[in-house]
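Examination of the molecular architecture
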Amino acid sequence: MSGFDLSGLTASFSGKRVIGPLSLQVNPSEKIALVGKSGAGKSTLIRLIHERVNRDSSLIPQELGLVSALSVFHNVYMGQLDKHATWYNTVTLARPFAKDRTEVNSLLQSLGMTEKFWTPTASLSGGQRQRVAIARALYRNAPMLLADEPVSALDGPMAHSVMALLRDGFSTSIIALHDVELALKYCTRIVGIQDGQIALDDTAERLAASDIMSLY
Amino acid sequence: MALNLIRKLMVSSLFCVTAATASAETFVFTAIPDEDETKLVERFRGVADYLSEQLDVEVRYIPVKSYAAAVSAFRNNQVQLAWFGGLSGVQARRLVPGSEAIAQGVEDEAFETYFIANTNTAIKPADKLSDLEAPLKGKTFTFGSKGSTSGRLMPEFYVRDTFNSKPEDFFSRVGFSGNHTRTLRLVEAGTYDVGALNFQVWEKELGDGNIDTDAVQVIWKTPAYPDYQWTIRGDVNDRFGEGFKQRVTEALLNLDNPELLESFPRSGFIPANNDDYEPIRKTAEEIGILD
Amino acid sequence: MLSSPTVRTSLVFLAIALVGLLFADIAITASNPWRDLGNFFLGILTPNFFSSEGLLTALLRTVAFAFVGVALGSIAGFLLALVYRFLPVRMFCAFVRAIHELFWALIFLQFFGFHPLTGVLAIAIPYAGIFAKVYSEILEEADPEPGRALPPGTGNISAFLYTRIPDCWVKMRTYTAYRLECGLRSSAILGFVGLPTLGFYLEASFSQGLYSDAGAMLILFYVLIATMPLWVRPKLLPVYILGAPFFLGEGLPIVWGNVQRFFTEDIVPAPLRNGEGLAGLTPWLNDLMINEAMPGIWNTIVLTQIALVATGILSLLAFPLISNHFGGPIRRNAGHVALVIARSTPEYILAYILLQLWGPSMLPAVVALALHNGGIIGHLIGRQTNSIKLRPDAASGLNRYGWELVPRVYRSFLAFLFYRWEIIMRETAILGILGIYTLGFYVDSAIQNIRFDRAMVLILVTALLNIGVDTLGRYIRRKLALQTMPTC
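Since the structure is predicted, the reported quantities are computational estimates derived from the model, not experimental observations.

Here the focus is the overall build of chain A. When its secondary structure is counted, chain A shows 8 helices and 8 strands. Expected size for 216 residues packed as a compact globule is a radius of gyration near 17 Å; at 18 Å, chain A falls within 12% of this value. Summarising its shape, the C-alpha atoms of chain A cover approximately 50 × 35 × 35 Å along the three principal directions. Each of the 216 residues in chain A was classed as buried or not, and the buried ones make up 53%.

The following block contains the structure:
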């Protein structure tokens, strides 16, 4: 697929501009990490981009957007609600079909989450909930990933394996990350945000952790 | 849980089907609830059995909670026969063209209302209501039911006519006890100073020894007027066969079971017709109960 | 203290009630009220469970009407909740719930007669209006985030089923179960107008002074409500709902011509029916307004305001009965029983009992409304105090009550009270049927005289009055920033 030319991105809260105006050219197969201080506008930027490219992206918002009362399976299945007829979705709510169960199950297996298949997400830990949201994005299987701190609640090794999954699962991705090390390791391009503007934009190979730290 | 919801929705569609249907061949009658319910149920079950035997159809009595409910059930053809008071009968026959008064109690040709007072009021019985103006003024007063002839219509008429004022202006407090037995009990207990009730109920309770005559006494009797009657719908012959109305009338007129008659209490039933109740209609219009 | 808006509002309402007392008809007119009350309690202590063959049937019917009515009401209410954002729908719902179940029953009785449908619709219709409002509030509170994370192109129904319903399910279920309890009360009092539920027999026993029979019925009713958690189980619900329609009783068949007649003739104002045209309508309406509606409205408002303040005072006195901060477990359990009885007895039945015992005036109505509503609010506030942690050296006794607890719960107390304002008024109007000169008295009189045109106008007036008070109550709650959950 072709890239995106995102220009004229702006956002204001109560009359005060928090983002932009800025432009971002996203090329196919690029894995972009958005880095910067908290409050720099990363989440807002993710939201703005999502509004632009809605149809073609899998989203992992910071709040995860899980339905607490529904099981892990159903939350993951929601990634493909648009691909099925209403009656199919309704029946699935009561009694899921074997095909979907297998598919979701194997996906969760890769995230190490099989034993909680029918547990309502309300009773999961923060890390588990985060993985459910990730599984939903993977299940959605859009060409592009938009994620806002997707591994913030995961411990070291798990964070790495999930980042690897996300890297392999999507050809293009834009991920807001506060962990500089993860950004350098799993992304190809680093975009630094400061006061709602792009303060840094370079490939990961040409940057070191210390270059990025100046943003913080 | 979603399954439950779906189940619920499916169940809702079943509700409509379940509306029960009573047999169309049952002849149903009712009566105005002018006395204690237990007494009424006992009395009219007896009547139902008697009619069932005489008419050779299933006969059912249904108790109602108000005079208006009796009239409405009659009007709506959910009952075909009713034991009405003078006023409720007039109301019902106005609403159901073709319906007829077919029988009345021997006593109903000349019915009376008794005004009764608690003895604590020290009101002395009188022959003329106008003599009681001073002692009655400002007392508390209860009618029976709002739709009663002997418990409301006639006493209200005589209060207005004699004292030239509305009952609620003449008395300090006006209530509706609901039925004659309760009027008796409330005045006996002193909840109200004065009340008006069906003279037959008074005489029967007195005869049965159910009245504390030290606590309550009759202070005035109204002139006679026509009251209770059996009224039947005009379309019963279409439904129950030719001559059905005639057979019901004869069955009622021939009722001679002393126990059953005693429960009314009536000494027997005699023929009646709609014109007998013209005086009641005029009185009701005068008071403004009928349009 | 006077600078606090909640205290000022309370004082204004207190003053209004005190002025109302000057105009109200408050008296005990029975010459021996205490002897009758004694007999009544004796009857409760010596219940006669075998008085009437119909008692168990009546209990069964009471439950059946409640189930069918509430189930239909909740389904209709749910569908209405989906379109609740449209103003006409909101107005429709406000209107149908402003009319009391008993008024609905009186209306349906005129054309459906003693058919089960009369009782079912009398519960289902006002409940649908209430369900619509509460369900839509619950749906609105659902977390919007999952909806945003949905893939674009997801169908509306799928989105609704996956993101809204699961989130709201528990709240909706809790509220519906709670409404079922209200439904049992509504169902019981429908007997007072002739449907075959508990009220039918209660009225008969009471009016004949058969207190032991009446006592047995009341005890059975309390047991029925108190044991609801035991027999109302989610798994059994489908059984109940499927089975209930078969236990409504036969009644009498509907004659459909009556329905048409009711709407095309009976409720058409008399002057129009008689061809007098609009010229005749004005004097007819004037007469109705001046002689019936106005006195009815005045008495309804006076009684409502007095009952509201009496409810408030009683709630504040009652909540320590079940509060952990006072007394031991024995006294608290006794308190629970007292409050359960107070709130499970429909105010209509309480008022009916007290009217029989004390004679007619506004007093029995005020006491009945205060007991029932005070029982409900006292229970809710008492439970709320149990979640308050006091410091170990907090004052005890009256000081604890006045300084530690009342200030902490006062806002939610007011919230409940203003929420119930409209409910109290709806009940006040209906108590007129018992002979107190509120709007219900005039409605009942019109029906007794077979003047449904007048009855409908008066019911309409009652509904508008309720909607007005409801709006005012919400305005005050918003102004004082009081929040509450719905009660019935």
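All names here are of chain A. Reading across the sheet, the 6 strands line up as β4-β5-β6-β3-β7-β8 and stay open at both edges, with mixed pairing between neighbours. Here the strands that pair on one side only, and so sit at the sheet edges, are β4 (57–60) and β8 (197–203). For this sheet the average axis-to-axis angle between neighbouring strands, irrespective of direction, equals 15°. Examined bridge by bridge, strand β7 (residues 189–194) and β8 share 6 bridges and lie antiparallel to one another. Bridge pairing links R189 to T203 in β8. Relative to β4, helix α5 (residues 126–140) is tilted by about 175°, and along the sheet it contacts β4 and β5 (144–148).

Residue and element names in this part refer to chain C. Relative to each other, helix α4 (residues 87–98) and helix α21 (residues 452–479) sit at 115°, their axes nearing to 8 Å. Of the possible angle classes, the one that applies to α4 and α21 is roughly perpendicular. Note on packing geometry: the crossing formed by α4 with α21 is right-handed. Touching A94, F95, R97 and A98 of α4 are L460, A463, N466, I467 and D470, all from α21. Considering only residue class, the contact of α4 with α21 consists of 6 nonpolar, 1 polar and 2 charged.

All names here are of chain C. Looking at where E101 falls in the secondary structure, it is placed in helix α5 (residues 101–111). Accessibility expressed as a relative area gives 8% for E101, which makes it buried. Linking E101 and A122, residues 21 residues apart in sequence, is a C-alpha distance of 5.1 Å. Among residues more than four places away in sequence, those in contact with E101 are A122, P126, Y127, S186, L190 and R426.

Next up on the list: the interface of chain B and chain C. Counting residues at the interface gives 49 residues for chain B and 57 residues for chain C. Of the roughly 4800 Å² buried between chain B and chain C on both sides combined, carbon and sulfur atoms contribute 56%. Where E203(C) meets K65(B), a salt bridge forms, and the shortest distance between an N and an O atom there is 2.8 Å. There are 19 residue pairs in polar contact (both at pLDDT 80 or more) connecting chain B and chain C. Counting only elements with at least two residues in the side of chain B that touches chain C, the list comes to α1 (2–15), α2 (37–55), α3 (67–75), α4 (86–95), β7 (173–176) and α8 (180–189) of chain B.

Attention shifts here to the pattern of salt bridges. Enumeration according to the criterion identifies 40 salt bridges over all chains in this entry. Of the charged contacts in the structure, one is a salt bridge between K171(C) and E141(C), with a shortest N-O distance of 3.2 Å. Taken together, the residues K171(C) in helix α8 (residues 156–190) and E141(C) in the loop between α6 (116–140) and α7 (145–149) connect sequence positions 30 residues apart. Take E141(C): its relative accessible area is 56%, and that puts it in the exposed class. One network of salt bridges, with partners in common, ties together D36(B), K39(B), R185(B), E188(B) and E205(B).

Residue and element names in this part refer to chain C. With respect to the element layout, H100 can be found in the loop between α4 and α5. A relative accessible area of 1% means that H100 is categorised as buried. At 2.9 Å, the side chain of H100 forms a polar contact with the backbone nitrogen of L102. The contact partners of H100, leaving out residues within four places of it in the chain, are I189, R426, E427 and I430.

Now for the packing of aromatic side chains. Counted under the stated rule, the structure contains 72 aromatic pairs over all chains. Ring geometry for F23(C) against W298(C): centres 5.5 Å apart, planes inclined by 80°, an arrangement best described as edge-to-face. In this pair, F23(C) is assigned in helix α1 (residues 5–23) and W298(C) in helix α15 (residues 277–318), connecting sequence segments 275 residues apart. F23(C) gets classed as exposed once you look at its relative accessible area, which sits at 54%. Aromatic side chains F40(C) and F206(C) sit 5.4 Å apart centroid to centroid with 45° between the ring planes, which places their arrangement in the tilted category. Of this pair, F40(C) sits in helix α2 (residues 33–45) while F206(C) sits in helix α9 (residues 198–207); the two residues are 166 residues apart in sequence, bridging distant segments of the chain. A relative accessible area of 3% places F206(C) in the buried class. Geometry around F264(B) places R43(B) over its ring, the cationic atom sitting 4.8 Å from the centre. Above the plane of the ring of Y127(C) lies R179(C), whose end atom (NZ or CZ) is 4.8 Å from the centre.

Here we take up the sheet that holds strand β10 (residues 229–232) of chain B. Residue and element names in this part refer to chain B. Sheet architecture is open: 6 strands sit in the order β2-β1-β3-β10-β4-β11, paired in mixed fashion. Edge positions in the sheet fall to β2 (59–61) and β11 (269–271), since each of these pairs with one other strand and no more. Each neighbouring strand pair of the sheet contributes to a mean axis angle of 25°, computed without reference to strand direction. Each of β1 (27–31), β3 (81–84), β4 (100–105), β10 and β11 is contacted by helix α11 (residues 244–253), which is oriented at about 10° to β4, the strand it contacts most.

Turning to the packing of α15(C) against α21(C), a few remarks are in order. Residues and elements named next belong to chain C. Close contact between α15 and α21 brings their axes to 11 Å; oriented N to C, the two are set at 40°. Overall, the two elements α15 and α21 adopt an arrangement that is oblique. In the crossing of α15 with α21, the sense of the turn from one axis to the other is right-handed. Taking contact as the criterion, the partners of W284, L285, D287, L288, M289, E292, A293, I297, T300 and I301 in α15 are, on α21, D453, R454, V457, L458, V461 and L465. Counted by class, the contact of α15 with α21 contains 11 nonpolar, 1 polar and 4 charged residues.

Right, let's get into the domain arrangement of chain B. Residues and elements named next belong to chain B. For chain B, the domain assignment lists domain 1 (27–108 + 226–287) and domain 2 (112–221). Taken together, the 22 residues of domain 1 in the interface contact 19 residues of domain 2. For the domain 1 face of the interface with domain 2, the top three residues by lost area are Y67, L87 and I287, together amounting to 33%. For the pair domain 1 and domain 2, the interface holds 1 salt bridge. In this structure, E205 engages K39 in a salt bridge whose closest nitrogen and oxygen atoms are separated by 2.9 Å. There are 6 residue pairs in polar contact (both at pLDDT 80 or more) connecting domain 1 and domain 2.

For the rest of this paragraph, the subject is the confidence of the model for chain B. All names here are of chain B. For chain B, the average pLDDT comes to 88, and 92% of its residues sit at 70 or higher. Across chain B, the secondary-structure element scoring lowest on mean pLDDT is α1, at 42, and the one scoring highest is β10, at 97. Counting interchain partners and residues more than four positions distant, the pLDDT-below-50 stretch residues 1–24 has 31 contacts.

What counts and how
- Residues numbered from 1 in each chain as written.
- Chains lettered and ligands numbered in written order.
- Predicted model: local features only at pLDDT ≥ 70, side-chain atom pairs only at ≥ 80, totals over all residues.
- Heavy atoms only, no water.
- Helix = DSSP H or I, 4+ residues; strand = E, 2+ residues; numbered from the N terminus.
- Rg over C-alpha atoms; globule rule 2.2 N^0.38 Å.
- Buried < 20%, exposed > 50% of the residue type's maximum accessible area, 1.4 Å probe, protein only.
- Pairing = 2+ DSSP bridges.
- Axes fitted to C-alpha atoms, helices over the stretch in contact; angles between N-to-C directions.
- Contact = heavy atoms within 4.5 Å.
- Parallel < 35°, antiparallel > 145°, perpendicular 65-115°, else oblique.
- Left-handed = near helix turned anticlockwise from the far one by under 90°.
- Nonpolar A, V, L, I, M, F, W, Y, C, P; charged D, E, K, R; others polar.
- Buried area = accessible area lost by both parts, 1.4 Å probe.
- Salt bridge = Lys/Arg side-chain N within 4 Å of Asp/Glu carboxyl O.
- Polar contact = N/O pair within 3.5 Å; in protein donor to acceptor, adjacent residues only side chain to side chain.
- Phe/Tyr/Trp six-rings, centres within 6.5 Å; stacked < 30°, edge-to-face > 60°.
- Lys NZ or Arg CZ within 6 Å of the ring centre and 35° of its normal.
- Domains from an automatic or database assignment.
- pLDDT = per-residue confidence, 0-100.

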